[in-house]
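In case you want the letters, here they are:
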Amino acid sequence: MQEPSAAFTSPREQLEDPPAKASKGQRRRQKILQLLTTEPDANVSVSDLSDRFGVSVATIRRDLADLQDRRLVTRTYGGAALQHQPRTELTMRERVSAHAEAKQAIGRAAAELIEDGDLIILDSGSTTEQLAVAIGNRPVSVITNGLRVANQLVPQDQVRVTVLGGSLRGINETITGSDAESMLNRVEATYAFIGTDAVDPVRGITSRTYEQARLKAAMLRNSQRTYLVADSSKLGEHGLFHYWSELPSEWGLVTDEDADPAVLAQLRAAGACSIIIAPLSSTEENW
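For clarity, every value in this text was computed on a predicted model and none was experimentally measured.

Asker: When you look at the overall build of the protein chain in this model, what are you seeing that I'm missing?
Answerer: Check the secondary structure of the protein chain and you find 10 helices and 16 strands. Across the 287 residues in the protein chain, those meeting the buried criterion constitute 50%. Of all intrachain contacts in the protein chain linking residues separated by at least 6 positions in sequence, the fraction that spans at least 24 positions is 60%.

What follows is the structure, encoded as structure tokens:
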């Protein structure tokens, strides 16, 4: 894995007055950083920034993409926040409430891919939990390392559930370890539905621990088809994560309708051969 560039510049270092010949775009991006640094925990929306600076939403998105590429901000649901180092991990209760409507839509759209008789791998996570809800009571087999995923399927007597064995990590209620990997190596699933904190076109998908990264890699390796289930705030994310799993040459993505088309184009170029946009309404759009 390539080490982060030594040329990283902190947001506060960027707050020096721009040179006299700085372009309008440079000055605007400088002011965006100043706004976020004044309130480090703030999350500014694209529409608010567009109104504040009198430019189009597309222009603001390009500004935020530039700042994200320089690892100064983190893209969020419809906006941006200051890049924290390191990022704080949320509990599962906090994850469930974040972008809840988008996650429910993603879960419904992903469930439509599944056919009776399929064997599927469901990664742990708040979005895969919504997929488990959407599956309902159908004759399918599910292998999971997520406690919340398994609990959602308990009432469904037609769903055959296998919970991977190993070590429990409490904050995200997930099971990892060599026993879990060994169990996965004995199956070939129809689908693997993988959750993540961030998707990067080059590095793949991130995990909070080395053990989780290994287990995601095993899930990818032991399935015929892979779909990432990730809301738009996770796409193109360049957060300071240490553990990554490489994606296969071809994979799919289920995300929400706020996904940035430019980021989707990057992910398609990186192997996302199927991108499903999960609508909040009843109309579905495929890229």
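Asker: I'm lost on the environment of Ala 180 in this one. Help?
Answerer: Of note, Ala 180 is situated in helix 8 (residues 178-184). Ala 180 gets classed as buried once you look at its relative accessible area, which sits at 0%. Setting aside its immediate chain neighbours within four residues, Ala 180 contacts Leu 164, Gly 165 and Leu 215.

Asker: Honestly, the nonpolar core in this entry has me stumped. Any pointers?
Answerer: For soluble globular proteins, nonpolar side chains are generally found buried alongside one another. By size, the foremost hydrophobic cluster in this structure holds 27 residues, and its most contacted members are Leu 184, Val 199, Leu 228, Leu 235, Trp 251, Leu 253 and Leu 267. Elements supplying a minimum of two residues to this core: helix 8, strand 9 (189-194), helix 9 (210-221), strand 14 (251-256), helix 10 (261-269) and strand 15 (272-278). In terms of residues, this core owes the most to one element, helix 9, which gives 4 residues. Not counting residues up to four positions away in its chain, the partners in contact with Trp 251 are Val 199, Thr 226, Leu 228, Leu 267, Ala 270, Gly 271, Ala 272, Cys 273 and Ser 274. Judged by nonpolar contacts, the second largest core, of 24 residues, contains Ala 132, Val 140, Leu 153 and Tyr 191.

Asker: So what exactly am I meant to see when it comes to the sheet that holds strand 13 (residues 243-245) here?
Answerer: Working definition: the strands of a sheet are paired by backbone hydrogen bonds and lie parallel or antiparallel to each other. Pairing within the open sheet is antiparallel, and its 3 strands lie in the order 10-11-13. Of all strands in the sheet, those with a lone pairing partner are strand 10 (199-200) and strand 13, marking the two edges.

Asker: Would you mind showing me how to read the packing of aromatic side chains here?
Answerer: The geometry of an aromatic ring pair is captured by two quantities: the separation of the ring centres and the angle between the planes. Counting across every chain of the model gives 4 aromatic pairs. When the ring of Tyr 191 is compared with that of Tyr 227, the centres are 6.1 Å apart and the planes differ by 55 degrees; the resulting orientation is tilted. Placement of the pair is Tyr 191 in strand 9 and Tyr 227 in strand 12 (residues 223-229), with a sequence separation of 36 residues. Judged on exposure class, the residue Tyr 191 and its partner Tyr 227 are both buried. Taken together through their ring pairs, the aromatic side chains of Tyr 191, Phe 193 and Tyr 227 make up a single cluster. Positioned over the ring face of Tyr 191 is Arg 225, at 4.4 Å from the centre of the ring.

Asker: What is the right way to look at the pairing of strand 14 in this model?
Answerer: In regular strands, side chains alternate between the two faces of the sheet. Buried residues dominate strand 14, accounting for 6 of its 6 residues. Residues Trp 251, Leu 253 and Thr 255 line one face of strand 14 and the alternating positions Gly 252, Val 254 and Asp 256 line the opposite face, and both faces are buried. Direction of pairing for strand 14 relative to strand 15: parallel, over a ladder of 6 bridges. Its bridge partner lying in strand 15, Gly 252 is registered against Ser 274. In terms of handedness, the path from strand 14 via helix 10 over to strand 15 forms a crossover that is right-handed.

Asker: I keep staring at the pattern of salt bridges and nothing clicks. Help me out?
Answerer: Working definition: two side chains of opposite charge can pair if their charged atoms are close together. Summed over all chains, the structure comprises 11 salt bridges. Among the salt bridges present, the one from Asp 63 reaches Arg 28, with a minimum N-O distance of 2.5 Å. On the criterion of sequence distance, the pair formed by Asp 63 in helix 3 (residues 57-69) and Arg 28 in helix 1 (residues 24-38) is long-range, its members being 35 residues apart. In this structure, Asp 63 and Arg 28 share a single accessibility class: buried. What emerges from the salt-bridge pattern is a single network uniting Arg 28, Arg 29, Asp 63 and Asp 66.

Here is what the cut-offs are and how they apply
- Residues numbered from 1 in each chain as written.
- Predicted model: local features only at pLDDT ≥ 70, side-chain atom pairs only at ≥ 80, totals over all residues.
- Heavy atoms only, no water.
- Helix = DSSP H or I, 4+ residues; strand = E, 2+ residues; numbered from the N terminus.
- Buried < 20%, exposed > 50% of the residue type's maximum accessible area, 1.4 Å probe, protein only.
- Contact = heavy atoms within 4.5 Å.
- Core = buried A, V, L, I, M, F, W, Y, C linked by side-chain atoms within 4.5 Å.
- Pairing = 2+ DSSP bridges.
- Phe/Tyr/Trp six-rings, centres within 6.5 Å; stacked < 30°, edge-to-face > 60°.
- Lys NZ or Arg CZ within 6 Å of the ring centre and 35° of its normal.
- Right-handed = clockwise from strand over helix to strand, strands pointing away.
- Salt bridge = Lys/Arg side-chain N within 4 Å of Asp/Glu carboxyl O.

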